[in-house]
Amino acid sequence: MDECVPLRIGLRGDAQISAWASVQEMTLNHARRGSGRPLLLVHGLGAGWRSWSPIIDELAESREVIAVDLPGFGESPPLTGEVSIATLTDSVAEFIREQGLDGVSTVGQSMGGRMVLELARRGVGGDTVALDPGGFWSDREVAVFGATLRPSIALVRALRGTLPALLGNPVGRTLLLAQLSARPWALSRETVLPDVRGLAESPSTGAALDALTKGPKQQGAPAGTVPGRVTIGWGRRDLVTVPRQAARATELFPDAVLHWFERCGHFPQWDAPHEATRLILDRTS
């Protein structure tokens with residue numbers, strides 16, 4: 001089973017929707033593959049559901065995988081109101097409700113990792129796997145994150161027409177992706193192109209980056225308050241959400257189990273796809 005499905009949803013101003021969400025109708029695009037217990041995937045900044053392409057087929061051998069395009073990414077239209085981590089998470093929470101996915105296990109990477117932890121903090125979903133999540137940086141770290149990523153985004157936008165050729169060359173991948181991967185020269189163009197192209201083309205990249213860098217840091221969940229198991233995976237060589245942030249994440253989510261990806265940067269689905277798949281399947285039900 002392999003399909004992309006547009007979903008009409010209406011965000012309601014009820015107790016489950018954050019106070020920051022604007023009441024609106026929107027369409028969330030998503031892909032479904034496989035069969036079995038459902039597993040919801042939430043991508044990071046810039047990419048759509050295709051960010052999961054390196055591992056989605058392997059996951060779908062065991063589970064029904066549902067991978068969303070967040071508002072303003074992939075084929076989902078942007079939010080018409082405020083773009084924040086809260087409002088983006090609201091859209092996923094409403095998607096879960098509309099699709100009848102109460103208790104679904106959730107997996108996110110980077111910004112998506114932060115969002116699935118926020119869902120868990122709210123009591124939404126089931127088991128949670130967050131890969132290199134944002135939101136746990138110090139003031140200095142978030143300033144460096146913004147100061148380094150913004151020029152990178154501007155560069156890939158300027159190079160948009162030549163990205164396929166540049167990313168098809170090991171030297172080009174190394175120059176463009178040194179901040180994101182521990183071994184960019186070893187990756188394929190097909191692995192990295194969706195995410196890099198998404199950074200360049202997604203209409204909500206800038207607003208979401210502002211939300212990450214200028215908005216509040218991630219809140220935690222006291223022990224015993226999350227709806228399922230929480231697992232946080234972190235790349236030892238992550239230069240975006242640096243490894244020391246893992247200690248803050250596990251302090252704020254004391255129920256979480258921490259898994260380290262050795263020789264791995266910010267994208268475990270790039271640098272350690274089989275290990276990431278095994279972790280997701282082992283830690284979700």
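Nothing here was measured: the structure is a model prediction, and the numbers come from that model.

**Quick notes on the overall build of the protein chain**
For the protein chain, the count of helices and strands is 11 helices and eight strands. For 285 residues, the compact-globule estimate of 2.2 N^0.38 gives 19 Å, and the C-alpha radius of gyration of the protein chain, at 17 Å, lies within 12% of that figure. Along the first, second and third principal axes, the C-alpha set of the protein chain runs to 50 × 40 × 35 Å. For the protein chain, with 285 residues in total, the buried portion stands at 55%. Relative to all contacts within the protein chain whose residues are 6 or more apart in sequence, the contacts with residues 24 or more apart total 73%. Per element, the accessible surface of the protein chain, about 11200 Å² overall, is 53% carbon and sulfur. Treating the 29 positive side-chain charges of the protein chain as one cloud and the 31 negative ones as another, the clouds have centres 5 Å apart.

**Thoughts on the side chain of threonine 106**
As for its placement among the helices and strands, threonine 106 is situated in strand β5 (residues 105–109). What threonine 106 contacts, discounting residues up to four positions off in sequence, is Leu40, Val116, Leu119, Asp127, Thr128 and Val129.

**Observations regarding the nonpolar core**
Of all hydrophobic cores here, the largest spans 57 residues; its most connected members are Leu45 and Met111. Each residue touching methionine 111, except ones within four places of it in the same chain, is listed here: His43, Gly44, Leu45, Leu70, Phe73, Ile85, Leu88, Ala208 and Leu212. Counting residues in each nonpolar core, the second largest holds 21 residues, with Ala31, Leu39, Trp49 and Leu131 among its members.

**Details of the pairing of strand β6 (residues 128–131)**
Of the two faces of β6, both are covered, the one formed by Thr128 and Ala130 as well as the one formed by Val129 and Leu131. Two elements, β5 and β6, share four bridges in a ladder whose sense is parallel. By the bridge assignment for β6, valine 107 is matched with valine 129. With helix α3 (residues 111–122) bridging β5 and the parallel β6, this β-α-β connection has right-handed handedness. Pairing geometry for β6 and strand β7 (residues 230–235), over four bridges, is parallel. Within the sheet, the bridge partner assigned to valine 129 lies in β7 and is threonine 231.

**Considering the layout of surface pockets**
Considered as a void within the structure, the second largest pocket measures approximately 250 Å³ in volume. Forming the boundary of the second largest pocket are 15 residues, of which Gly48, Gly74, Pro194, Arg197 and Gly198 lie nearest the centre. Residue classes in the lining of the second largest pocket are distributed as five nonpolar, five polar and five charged.

**As for helix α9 (residues 245–252)**
Considered for burial, the residues of α9 that qualify are Gln245, Ala246 and Ala249. The buried residues of α9 occupy one face: seen down the axis, they fall within an arc of 100 degrees. Turned more than 90 degrees off the buried face of α9, the exposed positions are Ala247 and Glu251. Structurally, α9 contributes buried residues whose contacts are with α4 (139–158), β7 and β8 (257–261).

**Some points on helix α6 (residues 170–177)**
Among the residues of α6, Gly172, Arg173, Leu176 and Leu177 are the ones counted as buried. Mapping the buried residues of α6 onto a view down its axis gives an arc of 100 degrees, with all of them on the same face. Away from its buried face by more than 90 degrees, α6 exposes Val171 and Leu175. In this structure, the buried residues of α6 make contact with α4, α5 (163–167), α7 (189–201) and α10 (268–271). Residue asparagine 169 occupies the N-cap position of α6, its side-chain oxygen lying 2.7 Å from the main-chain nitrogen of valine 171.

The rules behind the values
- Residues numbered from 1 in each chain as written.
- Predicted model: local features only at pLDDT ≥ 70, side-chain atom pairs only at ≥ 80, totals over all residues.
- Heavy atoms only, no water.
- Helix = DSSP H or I, 4+ residues; strand = E, 2+ residues; numbered from the N terminus.
- Rg over C-alpha atoms; globule rule 2.2 N^0.38 Å.
- Buried < 20%, exposed > 50% of the residue type's maximum accessible area, 1.4 Å probe, protein only.
- Contact = heavy atoms within 4.5 Å.
- Areas by Shrake-Rupley, 256 points an atom, 1.4 Å probe, with all protein chains shown as cover.
- Lys, Arg positive; Asp, Glu negative; His and termini not counted.
- Charge placed at Lys NZ, Arg CZ, Asp CG, Glu CD.
- Core = buried A, V, L, I, M, F, W, Y, C linked by side-chain atoms within 4.5 Å.
- Pairing = 2+ DSSP bridges.
- Right-handed = clockwise from strand over helix to strand, strands pointing away.
- 1 Å grid on protein atoms, 1.4 Å probe; cavity = no way out; pocket = protein on both sides within 12 Å on 5 of 7 lines; lining within 4 Å.
- Points joined across faces, edges and corners; volume = space filled by probe spheres on them.
- Nonpolar A, V, L, I, M, F, W, Y, C, P; charged D, E, K, R; others polar.
- Arc of directions from axis to C-beta.
- Polar contact = N/O pair within 3.5 Å; in protein donor to acceptor, adjacent residues only side chain to side chain.

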